[in-house]
Amino acid sequence: MKHITYIDEFETWENTFEFYQPIQVRFSETDMFGHLNNTVPFAYFEEARIQYFNHVGFMQRWTDKSSETIPVVANQQCDYLKQVYFGEQLKLYAKINHLGNSSMDIHYMAKDKEGSVCFVGRSTLVQMSKRTGKGEPWSEEMKQMLKNH
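Numbering of residues starts from 1 in each chain and follows the order in which that chain's sequence is written. Under the rules for a predicted model, residues below a pLDDT of 70 receive no local features and side-chain atom pairs below 80 are neither given nor counted, while totals for whole chains, interfaces and linings still include all residues. Heavy atoms from the whole structure form the basis of all side-chain values; hydrogens and water molecules are not counted.

Details of the sheet that holds strand E1 (residues 19–24)
One requirement defines pairing of two strands: DSSP has to find at least two bridges between them. Think of it this way: any DSSP run of H or I at least four residues long counts as a helix, any run of E at least two long counts as a strand, and we number them from the N terminus. Taken together, five strands build an open sheet; the order of strands is E1-E3-E4-E5-E2 and the sheet is antiparallel. A strand with exactly one partner marks an edge of an open sheet, and here the two such strands are E1 and strand E2 (69–80). Adjacent strand axes in the sheet meet at a mean angle of 25 degrees, parallel and antiparallel pairs treated alike. For strand E4 (residues 103–111) and strand E5 (residues 117–129), the ladder comprises nine bridges, and the chain directions are antiparallel. Considered in E5, the bridge of Lys111 is made with Val117. Should any heavy atoms of two residues lie within 4.5 Å, those residues are considered in contact. Orientation is described by axes fitted as lines to C-alpha atoms, over the contacting stretch for helices, and by angles from 0 to 180 degrees between their N-to-C directions. Contacting E1, E2, strand E3 (89–99), E4 and E5, helix H2 (residues 40–56) runs over the sheet at an angle of about 135 degrees to E2.

Written out as structure tokens, the structure reads:
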């Protein structure tokens, strides 16, 4: 397997995922060669991230009209390991790899029905103040919510 800079030891890293979102590859997500277009995993990352945050309880806070903060993706990366085709069923795993003051490093892993890893990725998400546009620190309650999941 190729070296992926944000993963120290692949097997250990792989075994720390718990949450996943099922994904079925749609025809519109494939290119003229019949495999998953290289831009689509980022949409899958978004879906898994939103479902993970729903699971943890963050999305309900961020989408509440009284919320003063919103999540903003600062950067993303994807490493493609195996081709994916129309109709395939994937498990798109998501986890928080590192929690900063107002940011978090989220890691992703997509596996096919045989359990082979097809692609992996990461994103940096920043909790931002709607009013100032600057990073807003995680509350102790939010940190605890993450620890519980």
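Resuming the write-up.
Brief notes about the nonpolar core
Grouping buried Ala, Val, Leu, Ile, Met, Phe, Trp, Tyr and Cys residues that are joined through side-chain atoms within 4.5 Å yields what is termed a nonpolar core. Relative accessibility decides the category of a residue: with a 1.4 Å probe and only protein chains considered, values under 20% of the type maximum give buried, values over 50% give exposed, and everything between is partly exposed. Counting residues in each nonpolar core, the largest one holds 30 residues, and the members touching the most others are Tyr44, Phe53, Phe58, Leu92 and Phe119. Secondary structure elements with two or more residues in this core: E1, H2, helix H3 (58–63), E3, E4, E5 and helix H4 (140–148). When residues of this core are assigned to their parent elements, the largest contribution, seven residues, is made by H2. For Phe53, the contacting residues outside a window of four places in its chain are Phe58, Met59, Gln60, Trp62, Ile96, Met104, Ile106 and Leu125.

Quick look at the packing of aromatic side chains
Between rings of Phe, Tyr and Trp, where Trp is taken as its six-membered ring, a pair exists when centres lie within 6.5 Å; planes separated by under 30 degrees are stacked, by over 60 edge-to-face, and by other angles tilted. Summed over the entire model, instances satisfying the criterion amount to 15 aromatic pairs. The interplanar angle of 50 degrees and the centroid separation of 5.3 Å between the aromatic rings of Tyr20 and Tyr93 together place this pair among those described as tilted. Of this pair, Tyr20 sits in strand E1 while Tyr93 is found in strand E3, placing the two residues 73 residues apart along the sequence. Ring pairing ties together the aromatic residues Phe19, Tyr52, Phe53, Phe58, Trp62 and Trp138, which thus form one cluster. The ring of Phe17 has Lys95 lying over it, and the distance from NZ or CZ to the ring centre is 4.5 Å. In this scheme, Lys NZ or Arg CZ marks a charge over a ring once it lies within 6 Å of the ring centre and within 35 degrees of the ring normal.

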